[in-house]
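# Results of the structural survey
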Number of protein chains: 2
Amino acid sequence: MSSLDRIDREILEALQNNARLSNKELAAKVGLAPSSCLARVKRLETDGVIRSYRADLDARSLGLGLQALIAVQLRLHVGEAFGSIGDHLRSLPETVAVYCLGGTTDFLVHVVCRDTEHLRVLTIESFTSRPEVSRIETSLVFSFARSGLPVDRGA
Amino acid sequence: MSSLDRIDREILEALQNNARLSNKELAAKVGLAPSSCLARVKRLETDGVIRSYRADLDARSLGLGLQALIAVQLRLHVGEAFGSIGDHLRSLPETVAVYCLGGTTDFLVHVVCRDTEHLRVLTIESFTSRPEVSRIETSLVFSFARSGLPVDRGA
DNA sequence: CCATCCATCGAATAAAATTCGTCCGGGAGC
DNA sequence: GCTCCCGGACGAATTTTATTCGATGGATGG
């Protein structure tokens with residue numbers, strides 16, 4: 001697992017912006033022959049630098065117009081509970097992201113819901129009803145923007 | 001913009017899990033001819049249901065081993081300041097995600113850093129030095145997991 | 001200086017994307 | 001009930017792309 005050179009980083013940046021770039025276009029963009037470019041991409045995949053390729057979907061189009069962040073504080077900070085509640089939170093269909101945090105908040109969970117009733121039921125049935133959970137605080141998400149990792153740093 | 005049928009949802013789910021699926025494989029998976037499948041995917045793209053395709057990169061491989069959540073509280077809740085600080089936060093290279101929230105916290109920013117020194121400088125230079133910012137609270141992210149939207153709900 | 005190694009290249013082959021004319025089935029209007 | 005119309009699906013033909021593989025050349029280390 002050698003370090004990433006300039007071309008690797010250009011590939012990563014390009015694929016981060018558009019994962020469906022054809023190998024030919026990608027090769028042209030980074031100034032490599034298609035075959036060489038393909039070899040690099042495959043290496044980046046097997047090395048785990050590229051973890052996956054994902055389509056970014058519009059939540060509203062899927063009938064999920066309401067997003068919230070739920071801060072979770074646990075009752076007992078024992079290893080066992082920590083792992084199981086984390087798995088539980090990650091396994092919820094409404095869960096988009098789970099942060100495991102240091103500080104007073106143990107977990108922060110980003111969820112998507114159809115409406116406020118859905119959110120209400122979710123918080124009760126999947127959060128407060130859990131014995132490990134001491135307290136939650138739900139915040140409405142007005143807007144959410146995500147960007148890629150800064151590929152060009154740390155070279 | 002008609003509603004999504006079962007096949008549309010299967011396509012979305014498949015592309016959410018692997019955006020680089022070939023159209024042929026995708027067509028086979030959802031039980032459609034390649035040409036029909038392609039037409040649907042294109043429609044989903046132009047309708048904005050599919051917003052983009054992104055490669056998911058490993059932060060550690062890029063030399064970004066430290067992640068944090070920075071909760072930002074603003075001094076003035078005027079429209080002008082709200083927009084400009086939001087743009088500022090989104091434009092930072094270290095920023096991975098920005099949540100605009102209701103509640104005492106106005107913004108929650110997920111950042112990636114090389115090390116603690118990088119984080120220290122970032123919080124000072126890009127957050128607390130801003131006049132609109134009243135107070136920030138930084139939490140270390142021990143782990144972070146993301147999953148896709150629940151495509152099969154709300155049909 | 002020579003041998004070696006690794007990444008690149010480019011041509012050949014295999015596979016996939018894309019286009020387009022056609023067909024089928026459901027719904028509206030007569 | 002019948003016919004026209006429309007949208008989606010099909011599949012063959014064509015274009016484009018991915019993938020493989022042997023050869024080349026520069027850098028490295030002995």
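Residues numbered from 1 in each chain as written. Chains lettered and ligands numbered in written order. Predicted model: local features only at pLDDT ≥ 70, side-chain atom pairs only at ≥ 80, totals over all residues.

Quick look at the overall build of chain A now. Each helix and strand in chain A was counted, giving 5 helices and 5 strands. Each helix and strand of chain A, placed in order from N terminus to C terminus, yields the pattern α-α-α-β-β-α-β-β-α-β. Scaling as 2.2 N^0.38, a compact globule of 155 residues should have a C-alpha radius of gyration of about 15 Å, whereas chain A reaches 20 Å, well beyond that. Its C-alpha atoms put chain A at 55 × 35 × 20 Å along the principal axes. Of the contacts made within chain A by residues no fewer than 6 positions apart, 61% connect residues no fewer than 24 positions apart. (Helix = DSSP H or I, 4+ residues; strand = E, 2+ residues; numbered from the N terminus. Rg over C-alpha atoms; globule rule 2.2 N^0.38 Å. Contact = placed C-beta atoms within 7 Å.)

So, on to the interface of chain A and chain B. Taken together, the contacts link 54 residues of chain A with 54 residues of chain B. Broken down by class, the residue content of the side of chain A that touches chain B amounts to 29 nonpolar, 15 polar and 10 charged. In the sheet, strand E3 (residues 95–101) of chain A pairs with strand E5 (residues 133–146) of chain B via 5 bridges, with the strands oriented antiparallel. Its bridge partner lying in E5 of chain B, Tyr-99 of chain A is registered against Phe-144 of chain B. (Nonpolar A, V, L, I, M, F, W, Y, C, P; charged D, E, K, R; others polar. Pairing = 2+ DSSP bridges.)

Here we come to the relation of the copies chain A and chain B. Note on the copies: chain A fits chain B at an RMSD of 0.1 Å, the axial shift is 0.0 Å, and the rotation between them is 180°. Both copies are brought into coincidence by an operation consistent with a two-fold rotation axis. Residues of chain A ranked by C-alpha distance from the rotation axis are headed by Arg-54 of chain A, positioned 2.7 Å from it. Taken together, the interface assignments show that 100% of the residues at the interface of chain A recur at the interface of chain B, consistent with an identical surface on both copies. (Least-squares fit on C-alpha atoms with pLDDT ≥ 70 in both.)

So, about the domain arrangement of chain A. Interface size is commonly expressed as the accessible surface area that is lost when the partners come together. Here chain A is described as being made up of domain 1 (6–46) and domain 2 (60–141). Taken over C-alpha atoms, the centre of domain 1 of chain A sits 37 Å from the centre of domain 2 of chain A. (Domains from an automatic or database assignment.)

This part covers the protein's contact with DNA strand C. Ala-33 and Ser-35 of chain A together with Ser-22, Asn-23 and Ser-35 of chain B are the nearest of the 13 residues found near DNA strand C. Listing elements by their share of the surface near DNA strand C, those giving two or more residues are helix H3 (34–46) of chain A together with helix H2 (23–30) and helix H3 (34–46) of chain B. Tallying contributions element by element places H3 of chain A first for the surface near DNA strand C, with 4 residues. Tallied by class, the residues present in the surface near DNA strand C amount to 6 nonpolar, 5 polar and 2 charged. (Near = placed C-beta within 6 Å.)

Taken from the UniProt record, the annotation "domain: HTH asnC-type" (unreviewed entry) applies to residues 4–65 of chain A. Within the segment residues 4–65 of chain A, helix and strand shares are 53% and 13% respectively, and the terminal C-alpha atoms sit 40 Å apart. (UniProt positions renumbered as here; feature names shortened; annotations may be inferred.)

Let us now look at the environment of Thr-104 of chain B. With respect to the element layout, Thr-104 of chain B can be found in the loop between strand E3 (95–101) and strand E4 (107–113). Along the chain, Thr-104 of chain B and Val-72 of chain B lie 32 residues apart, while their C-alpha atoms are 9.1 Å from each other.

Right, let's get into the packing of helix H1 (residues 6–17) of chain A against H3 of chain A. All names here are of chain A. For the pair H1 and H3, the least separation of the axes is 11 Å and the interaxial angle reads 80°. Viewed along their axes, H1 and H3 adopt a mutual orientation that is roughly perpendicular. For the pair H1 and H3, contact is made by Ile-7, Asp-8, Ile-11 and Leu-12 and by Arg-40, Val-41 and Leu-44, respectively. (Axes fitted to C-alpha atoms, helices over the stretch in contact; angles between N-to-C directions. Parallel < 35°, antiparallel > 145°, perpendicular 65-115°, else oblique.)

Turning to the sheet that holds E3 of chain B, a few remarks are in order. Pairing within the closed barrel is antiparallel, and its 8 strands lie in the order E2(A)-E4(A)-E3(A)-E5(B)-E2(B)-E4(B)-E3(B)-E5(A). Sheet twist, expressed as the mean angle between neighbouring strand axes with direction ignored, is 35°. Across 5 bridges, E3 of chain B lies against E4 of chain B in antiparallel orientation. Following the sheet pairing, Cys-100 of chain B is matched in E4 of chain B by Phe-107 of chain B. Sheet strands touched by helix H4 (residues 79–91) of chain A: strand E2 (66–74), E3 and strand E4 (107–113) of chain A together with E5 of chain B. Its angle to E3 of chain A, the strand with the most contacts, is close to 160°.

Right, let's get into the pairing of E5 of chain B. Sheet topology places strand E2 (residues 66–74) of chain B next to E5 of chain B; 8 bridges connect them, and they run antiparallel. By the bridge assignment for E5 of chain B, Ile-70 of chain B is matched with Thr-138 of chain B.

Here the focus is the nonpolar core. By size, the foremost hydrophobic cluster in this structure holds 80 residues, and its most contacted members are Phe-107 of chain A together with Phe-107 of chain B. Setting aside anything within four residues of it in sequence, one finds Phe-107 of chain B in contact with Val-72, Gly-86, Leu-89, Val-98, Tyr-99, Cys-100 and Leu-101 of chain B. (Core = buried A, V, L, I, M, F, W, Y, C linked by C-beta atoms within 7 Å. Buried ≥ 20, exposed ≤ 12 C-beta atoms within 10 Å, placed from the backbone.)

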